[in-house]
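Each chain, written out:
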Amino acid sequence: MAARGVSRVLGLLRAGQRHQSSRFLCTATRQKNTGQSSEEEQRHPQNEQKEETSSAEKLLSEEKIKLEEQVKEMTDKYKRALADTENLRQRSQKLVEEAKLYGVQGFCKDLLEVADVLEKATTSVPKEEITDQNPHLKNLYEGLVMTEVQLQKVFSKHGLVKLNPVGAKFDPYEHEALFSSPMEGKEPGSVAIVTKIGYKLHGRTLRPALVGVVQGGH
């Protein structure tokens, strides 16, 4: 009986140890699983935060590139607008200056006819007749000469100058050739005769001189 009781007690002790070990293993396993879950839960928000930050930085970078391109485009347009405005200002200023210089061009052309008449009048008077014995003719002639001189002064004041190119090289921009013929002692291509005086207004040919040109030899 005593041996049977001892055997029973030992069996109960072994069962308690097995139960205790089982409880310990369950607890350890539960703690381990709980720890992994907690660590995963901690890592998950961090990963999401990193992804959101990376996405935001990418969007900001793309937006920055777009803004830089827009700024560059607007800067180029602004520079072109400035250049166009400056060109327009310069052209307008040039037109105004030319209008001031050449605005009297039509009026000057009309006055050239008056100068031509005065010149013909003075050159047509026989020089031998201009004496004290012909005071009326002499006074008339001197009055015509003074008028012609004064008219040329007015022309010069306003930039209108004569073109009398006798002996000069023929220039198609300033001269109009009426004829050409060989002439001894004259350089070929030069102006031999001026049949009508020309004029320039501020360096621009207003009326070409009508000339005869020396023909070149072959």
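Residue positions are given per chain, counting from 1 as you read along its sequence in written order. Confidence filtering applies because this is a predicted model: local features only for residues at pLDDT of at least 70, side-chain atom pairs given and counted only at 80 or more, and all residues used for totals across whole chains, interfaces and linings. Note that water and hydrogens are dropped before the side-chain values are worked out from all heavy atoms of the structure.

The name given to the protein in an unreviewed UniProt entry is GrpE protein homolog, with the source organism recorded as Callorhinchus milii. The Function (unreviewed entry) field of the UniProt record for the protein holds the comment "Essential component of the PAM complex, a complex required for the translocation of transit peptide-containing proteins from the inner membrane into the mitochondrial matrix in an ATP-dependent manner. Seems to control the nucleotide-dependent binding of mitochondrial HSP70 to substrate proteins." Looking at the protein in UniProt, the text filed under Sequence similarities (unreviewed entry) is "Belongs to the GrpE family." UniProt positions are given in the numbering used here, feature names are shortened, and annotations may be inferred rather than shown by experiment.

1. Examining helix α2 (residues 105-124)
Strands are runs of DSSP state E lasting at least two residues, helices are runs of H or I lasting at least four, and both sets are numbered from the N terminus onward. To estimate the expected span of a helix, subtract one from its residue number and multiply by 1.5 Å. For α2, with 20 residues, the first-to-last C-alpha span of 29 Å sits near the 28 Å given by 1.5 Å per residue. Those residues of α2 that fall on the buried side of the exposure criterion are Cys-108, Leu-112, Ala-115, Asp-116, Leu-118 and Thr-122. Each residue gets one of three labels from its accessible area relative to the maximum for its type: buried under 20%, exposed over 50%, partly exposed in between, using a 1.4 Å probe on protein chains only.

2. Here's the deal with the packing of aromatic side chains
Ring pairs shown here join Phe, Tyr and Trp side chains whose ring centres sit within 6.5 Å, with only the six-membered ring taken for Trp; geometry is labelled stacked below 30 degrees between planes, edge-to-face above 60, and tilted in between. Under the definition given, this model contains one aromatic pair. Geometrically, the ring pair formed by Phe-155 and Tyr-199 is edge-to-face, given 5.8 Å between the ring centres and 85° between the ring planes. Of this pair, Phe-155 sits in helix α3 (residues 135-157) while Tyr-199 sits in strand β4 (residues 198-201); the two residues are 44 residues apart in sequence, bridging distant segments of the chain. The exposure classification of Phe-155 matches that of Tyr-199, with both residues buried.

3. Focus: the nonpolar core
To define a nonpolar core, start from buried Ala, Val, Leu, Ile, Met, Phe, Trp, Tyr and Cys residues and group those joined through side-chain atoms within 4.5 Å. If you look at the biggest cluster of nonpolar residues, it comprises 19 residues, and the most contacted ones within it are Leu-112, Phe-155, Leu-160, Tyr-199, Leu-206 and Val-211. Among the secondary structure elements, those contributing two or more residues to this core are α2, α3, β1 (160-163), β3 (191-196), β4 and β6 (209-214). The biggest single contributor to this core is α2, with four residues. In this description, contact between two residues means that some pair of their heavy atoms is separated by no more than 4.5 Å. Residue contacts for Tyr-199: discarding those within four places in its chain leaves Leu-112, Ala-115, Gln-152, Phe-155, Leu-160, Val-161, Lys-162, Leu-163, Arg-204, Thr-205, Leu-206 and Arg-207.

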